[in-house]
Amino acid sequence: MRSERLDGRAWNFSAGPSALADAVLERARDELTNWHGRGLAVMEMSHRSEEFVGIANRAERDLRELMGIPDEYAVLFLQGGATLQFAMAPLNLLRGNDAADYFRTGLWSEKAVAEARRLCRVNLAVDTKGDGYRSIPAPSEWRLDPGAAFVHYTSNETIHGVQFRDVPECGDRPLVCDMSSDILSRPVDVSRFAIIYAGAQKNIGPAGIAVVIVRRDLIGGAAADIPSMLDYAIHEKADSMFNTPPTLAWYFAGLTFEWLKGEGGVSALSERNARKAKLLYDAIDASDFYANPVAPADRSQMNVPFTLADASLESRFLSEAEAAGLLNLAGHRAVGGMRASIYNAMPLEGVQALVDFMKDFERQNG
Ligand SMILES: *Cc1c(COP(=O)(O)O)cnc(C)c1O
């Protein structure tokens, strides 16, 4: 797929649903009414048709290749977003144990904790809520419970802009990761994990589908009285087609995976993402007009929150940015300020346009 700018497209810094690559949208547009000459659209196909099963299998194959997912792991494409995984992961992993370890490092892990508390006792091995979620403590400060059934963390806190640099070392307890907002942004060693899950609408495709990568030997331990839709074993057995899957979202995910392969895969994207983030953080740090509250070592390469020294200029900043073709820079309603989400689909050129705008705005208002 080519990577050229489509006419009339602004730079979209939305946290999610977020920007898709132009090449993906262009391909979907070209195939919209008549997929590969079959005379119908993808969303008009039976999910059991040879055509759609081919699309689904290819998406899984490409994701496995991009992330280096070993055969011992199942890849499921499920509905209910990352939020349903807040419940499904404990329901499938607790196996009679009633305790789990959680890292509470931002608003998304806070939500995961709240959901887990409906199902088990939660030990907060790490909790930075009191500090406003601005850093990740050193491993020497973690309080892991040796009896916990699993350890859950959020690799990238989309709202607070805090990201784990490395996979936390938690012994041999099953490690569960909400990777919704940084999956495919950098290489990860999948074999370190029991479960990786991610809602698609940050770094994969449109909303409506979630990717769940789960070690096969951990499947099958859910209690028999939970609804079938919550049991990984049911979905694995049915190749994620226990009921009608979100076919269009699955197709788009596949187009993104193909595009990523064409761009050089995860390691190429990882280098590009590092350059993008450095450009933006350097601009913020070089100025007294802008600030980012996160400890430099724990800053997210995907979501960059920032504030203006004079908060009364925020609405002007946002409206002038929009007029300059820079969209969706308002921070999450829980934290305010600004936030630039710079996922895989955002090229360096878009971040450069933002940095140029920020410098201009400072010159005029600083
Ligand atoms: C967006 C997000 C979620 C919620 O995803 P849904 O698909 O809306 O359920 C969960 N975790 C993280 C880290 C997110 O960024």
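All figures in this text were calculated on a predicted structure; none of them were measured in a lab.

Turning our attention to the sheet that holds strand β2 (residues 73-78). Taken together, the 7 strands give an open sheet; going across it, the order is β2-β10-β9-β8-β5-β3-β4, and neighbouring strands pair in mixed fashion. Both outer strands of the open sheet, β2 and β4 (121-127), are each paired with one neighbouring strand and no more. Here the strands of the sheet are splayed against their neighbours by 20 degrees on average, with no regard to which way each runs. Both β2 and strand β10 (residues 210-215) contribute to a ladder of 6 bridges, which runs antiparallel. Pairing of Tyr73 across the sheet is with Arg215, part of β10. Sheet strands touched by helix α2 (residues 50-67): β2, β9 (195-199) and β10. Its angle to β2, the strand with the most contacts, is close to 125 degrees.

Orientation of α2 relative to helix α6 (residues 247-262), taken along the N-to-C sense of each, is 40 degrees, at an axis distance of 9 Å. Here α6 runs oblique to α2, going by the angle between their axes. Considering only the axes of α2 and α6, their crossing is left-handed. Contact residues: Phe52, Ile55, Ala56, Arg58, Ala59, Asp62, Leu63, Glu65 and Leu66 in α2; Thr247, Trp250, Tyr251, Gly254, Phe257, Glu258, Leu260 and Lys261 in α6. For the contact of α2 with α6, the class distribution of residues is 10 nonpolar, 2 polar and 5 charged.

Quick look at the site of the ligand now. The immediate surroundings of the ligand are formed by 13 residues, with Thr83, Thr158, Asp178, Gln201 and Lys202 found nearest. A distance of 3.2 Å separates an oxygen atom of the ligand from a polar backbone atom of Ala82. Gln201 places a polar side-chain atom, nitrogen or oxygen, 2.9 Å from an oxygen atom of the ligand. The fraction of the free accessible surface of the ligand (390 Å²) that becomes covered by protein chains is 87%. Broken down by element, the residue count for the shell around the ligand peaks at 4 residues, all from helix α3 (residues 81-93). A per-class count over the shell around the ligand returns 3 nonpolar, 8 polar and 2 charged.

Moving on: the domain arrangement of the protein chain. Interfaces are often described in size by the accessible area the parts lose on coming together. In terms of domain boundaries, the protein chain breaks down into domain 1 (26-262) and domain 2 (264-365). The distance between the C-alpha centroids of domain 1 and domain 2 comes to 27 Å. Taken together, the contacts link 25 residues of domain 1 with 26 residues of domain 2. Interface area for domain 1 against domain 2, summed over the two sides, is near 2,100 Å², with a carbon-plus-sulfur share of 54%. Across the contact surface, domain 1 and domain 2 share 0 salt bridges. Between the two partners, domain 1 and domain 2, sit 17 residue pairs in polar contact (both at pLDDT 80 or more). Of all the elements in the fold, those that place two or more residues in the side of domain 1 that touches domain 2 are β7 (162-163) and α6. Examining the composition of the side of domain 1 that touches domain 2, we find that 4 residues originate from one element, α6, more than from any other. Here the residues of the side of domain 1 that touches domain 2 sort into 9 nonpolar, 10 polar and 6 charged.

Where helix α1 (residues 22-31) contacts α6, the two axes come as close as 9 Å, and the packing angle between them is 130 degrees. Between α1 and α6, the crossing angle belongs to the class labelled oblique. The handedness of the crossing between α1 and α6 is right-handed. Two secondary-structure elements touch here, α1 through Ala23, Val24, Leu25, Arg27, Ala28 and Glu31 and α6 through Tyr251, Phe252, Leu255, Thr256, Glu258 and Trp259. In terms of residue class, the contact of α1 with α6 is built from 8 nonpolar, 1 polar and 3 charged.

Right, let's get into unusual backbone geometry. The omega angle of the peptide bond from Gly16 to Pro17 is -10 degrees, so this bond is cis rather than trans. For Pro17, the position within the fold is in the loop between β1 (11-12) and α1. Of note, the phi angle at Arg95 is positive, near 45 degrees, even though the residue is not glycine. Residue position: Arg95 is located in the loop between α3 and β3 (99-104). Overall, Arg95 belongs to the partly exposed group, its relative accessible area being 46%. The residue Ser240 is not glycine, and still its phi comes out positive at about 60 degrees. Looking at where Ser240 falls in the secondary structure, it is placed in the loop between α5 (232-237) and α6.

Moving on: a nonpolar patch on the surface. Taken together, Leu32, Met43 and Leu248 make up a surface patch of nonpolar side chains, about 240 Å² in accessible area. Mapping Met43 onto the fold places it in the loop between α1 and α2.

Before going further, it helps to examine helix α9 (residues 348-365). Across its 18 residues, α9 extends 26 Å between first and last C-alpha, which sits within 8% of the 26 Å expected from 1.5 Å per residue. Of the positions making up α9, those classed as buried are Gly350, Val351, Leu354, Val355, Phe357, Met358, Phe361 and Asn365. Buried residues in α9, looked at end-on, bunch into an arc of 160 degrees, giving them a common side. Of the residues in α9, the exposed ones pointing more than 90 degrees away from the buried face are Glu349, Arg363 and Gln364.

Cut-offs used in this document
Residues numbered from 1 in each chain as written. Predicted model: local features only at pLDDT ≥ 70, side-chain atom pairs only at ≥ 80, totals over all residues. Heavy atoms only, no water. Pairing = 2+ DSSP bridges. Helix = DSSP H or I, 4+ residues; strand = E, 2+ residues; numbered from the N terminus. Axes fitted to C-alpha atoms, helices over the stretch in contact; angles between N-to-C directions. Contact = heavy atoms within 4.5 Å. Parallel < 35°, antiparallel > 145°, perpendicular 65-115°, else oblique. Left-handed = near helix turned anticlockwise from the far one by under 90°. Nonpolar A, V, L, I, M, F, W, Y, C, P; charged D, E, K, R; others polar. Near = heavy atom within 4 Å. Polar contact = N/O pair within 3.5 Å; in protein donor to acceptor, adjacent residues only side chain to side chain. Areas by Shrake-Rupley, 256 points an atom, 1.4 Å probe, with all protein chains shown as cover. Domains from an automatic or database assignment. Buried area = accessible area lost by both parts, 1.4 Å probe. Salt bridge = Lys/Arg side-chain N within 4 Å of Asp/Glu carboxyl O. Buried < 20%, exposed > 50% of the residue type's maximum accessible area, 1.4 Å probe, protein only. Patch = residues over 30% accessible without salt bridge, like charges linked within 9 Å, V, L, I, M, F, W, Y side chains within 5 Å. Expected span 1.5 Å × (residues − 1). Arc of directions from axis to C-beta.

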